[in-house]
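Breakdown of the fold
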Protein chains: 2
Amino acid sequence: MPDRIDLDSDLLNYIIKNGFQPGDRLPTISELQDPNNLGISVSKVREQLEVARALGLVEVRSKTGTRLKEYSFTPAVRLSLFFALATDLRFFEQFSALRTHLEVAFWNEACARLTMDDLAELRQHVGAARAKLSGQWIRIPSEEHRAFHLGIFKRLDNPFVLGLLEAYWDAYEAVELNRYADYAYHQQVWDYHERILDAICAGDFDAAKTAFIEHTRLLRHQPRMQDMESPVEFSSEVAE
Amino acid sequence: MPDRIDLDSDLLNYIIKNGFQPGDRLPTISELQDPNNLGISVSKVREQLEVARALGLVEVRSKTGTRLKEYSFTPAVRLSLFFALATDLRFFEQFSALRTHLEVAFWNEACARLTMDDLAELRQHVGAARAKLSGQWIRIPSEEHRAFHLGIFKRLDNPFVLGLLEAYWDAYEAVELNRYADYAYHQQVWDYHERILDAICAGDFDAAKTAFIEHTRLLRHQPRMQDMESPVEFSSEVAE
DNA sequence: AAAATAGGATTAATCAGATGAATAGGGGCA
DNA sequence: TGCCCCTATTCATCTGATTAATCCTATTTT
């Protein structure tokens, strides 16, 4: 058992020490200033609240006060990842490799936990995606694409893996904001997804995993895509 | 290419937009207040600096000003993870599962990149650890234990995997702060490490990986251990 | 002349207080 | 009862002041 995990933040330590639970309201800022609580000034309290907010640990709203949120790994990962991506897009490839290996590693455990309802939901995503397909170019990744993959892992009892995967899809959306692909491409993608889903339904998780791995290769080559609307460079002065 | 990755932070967006590089000095706080830069007050600048500092993105020191650091995923992961662990130690098991799968997934790629010098360094860790062994109980994990495992992955060109592994060892140390094991246990651990290292040196990465997996099972069972010094509970009032 | 030291200037660190904006809750009116 | 407005609370942001840490420089000392 740990002696004490020092969080390098009076506020976070205070939250732990007082045993606040997700959903609980924290004292107001003025109360937190009180020597019995944190005993620091408004500005300092707000600095630490801002850190906790950035990490997605608390939600701070006017009047209502501050509420402790359910723990999620996602915000911290996303924030750090997005900063990295903003400095250099090549980071995406590395995070992408992490994502693929993660899905493969936790594949069977995640699949085994899926319920019939979950499978039906996945089937719906396939249907919805197919219904959207037409002759025109469609944005990648689609909402259904994200929902399908995250849906496979949603029962995995591991907030860290889930957080990394969620952050991955957030990043994907941010990075590929203006990427579009044509009908044939999306058709192929959803053929793979259907194959994956069928295998899972049949209980053959390994076959599903194999299909997933093939499918990531397809995505890596990214054929038949183009950028719609002129993309704006980062360093551009007009970006604002 | 992304239209624009919004970091939800004036300061971080400012850093990106102005193309600051690691090592660069950012403007002083008073300069950042200037409408030409951020145009926000001290308190707001400091809030955002504090977030950037918590994420390990900048180092802010008196007089010297603020310096942009080399990107690392570790601080963000560690901070979020430590908060989770402080609320519930069971999170450690889940992060531990993530770590094991990660090492396995990136094992061969990491091993393939090791140089002769790296291998010699790993050998030194084994030697140093063995030299420390005696009849007495020794703290786990030892410094060499951490260095050995991180050493295997140090050439892996993936800051995200590395960040997760580093944060794992930080957490391990925090969580197992007062855990000690006897001679026989450490002997066994370093036998495994030596087996792993020998296999890597022989170029048989798969055999090394297999040894690694066995070795994690050993650690999971954690025989012949005990807590030295009375551990202090989290919620304890005297913890401060 | 070189090194050590002391003093001044710059900047971060922290605080106190004021003002504005958002919101919940209560009271009044139809 | 149901709707609307008013008020009190709380967050949001800014300004200004004081303290502490650090660097730079000029002066002193050897």
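Refer to the structure printed above.
Attention in this report is confined to the structure presented alongside it.

Thresholds applied
Residues numbered from 1 in each chain as written. Chains lettered and ligands numbered in written order. Predicted model: local features only at pLDDT ≥ 70, side-chain atom pairs only at ≥ 80, totals over all residues. Heavy atoms only, no water. Contact = heavy atoms within 4.5 Å. Buried area = accessible area lost by both parts, 1.4 Å probe. Salt bridge = Lys/Arg side-chain N within 4 Å of Asp/Glu carboxyl O. Polar contact = N/O pair within 3.5 Å; in protein donor to acceptor, adjacent residues only side chain to side chain. Helix = DSSP H or I, 4+ residues; strand = E, 2+ residues; numbered from the N terminus. Nonpolar A, V, L, I, M, F, W, Y, C, P; charged D, E, K, R; others polar. Near = heavy atom within 4 Å.

Things to note about the interface of chain A and chain B
With 63 residues of chain A at the contact, the number on the chain B side is 62 residues. Of the roughly 6,100 Å² buried between chain A and chain B on both sides combined, carbon and sulfur atoms contribute 69%. Seen at the junction of chain A and chain B, the total is 4 salt bridges. Glu47 of chain B is the partner of Arg46 of chain A in a salt bridge, and the nearest nitrogen-oxygen pair spans 3.2 Å. For the pair chain A and chain B, the number of links is 8 residue pairs in polar contact (both at pLDDT 80 or more). Examining the composition of the side of chain A that touches chain B, we find that 11 residues originate from one element, helix α4 (residues 74-87) of chain A, more than from any other. A per-class count over the side of chain A that touches chain B returns 42 nonpolar, 8 polar and 13 charged.

Thoughts on the protein's contact with DNA strand C
The full set close to DNA strand C counts 15 residues, and Ser41, Ser43, Lys44 and Arg61 of chain A together with Arg46 of chain B are the nearest of them. Contact distances for DNA strand C include 3.0 Å between a phosphate oxygen and a side-chain N or O atom of Lys44 of chain A. Contacts to DNA strand C include Ile29 of chain B, whose backbone N or O atom sits 3.2 Å from a phosphate oxygen. Where the surface near DNA strand C is concerned, the elements lending two or more residues are α3 (42-54) of chain A together with β2 (58-61) of chain B. Split into classes, the residues belonging to the surface near DNA strand C amount to 3 nonpolar, 6 polar and 6 charged.

Side note on the protein's contact with DNA strand D
As a matter of local geometry, DNA strand D sits amid 15 residues, with Arg46 of chain A together with Ser41, Ser43, Lys44 and Arg61 of chain B nearest to it. A share of 76% is what sugar and phosphate atoms reach among the atoms of DNA strand D within 4 Å of the protein. Ile29 of chain A places a polar main-chain atom, nitrogen or oxygen, 3.2 Å from a phosphate oxygen of DNA strand D. Within the contact set of DNA strand D, a phosphate oxygen lies 2.9 Å away from a side-chain nitrogen or oxygen of Ser41 of chain B. Those elements giving two or more residues to the surface near DNA strand D turn out to be β2 (58-61) of chain A together with α3 (42-54) of chain B. Across the surface near DNA strand D, the residue classes tally to 2 nonpolar, 7 polar and 6 charged.

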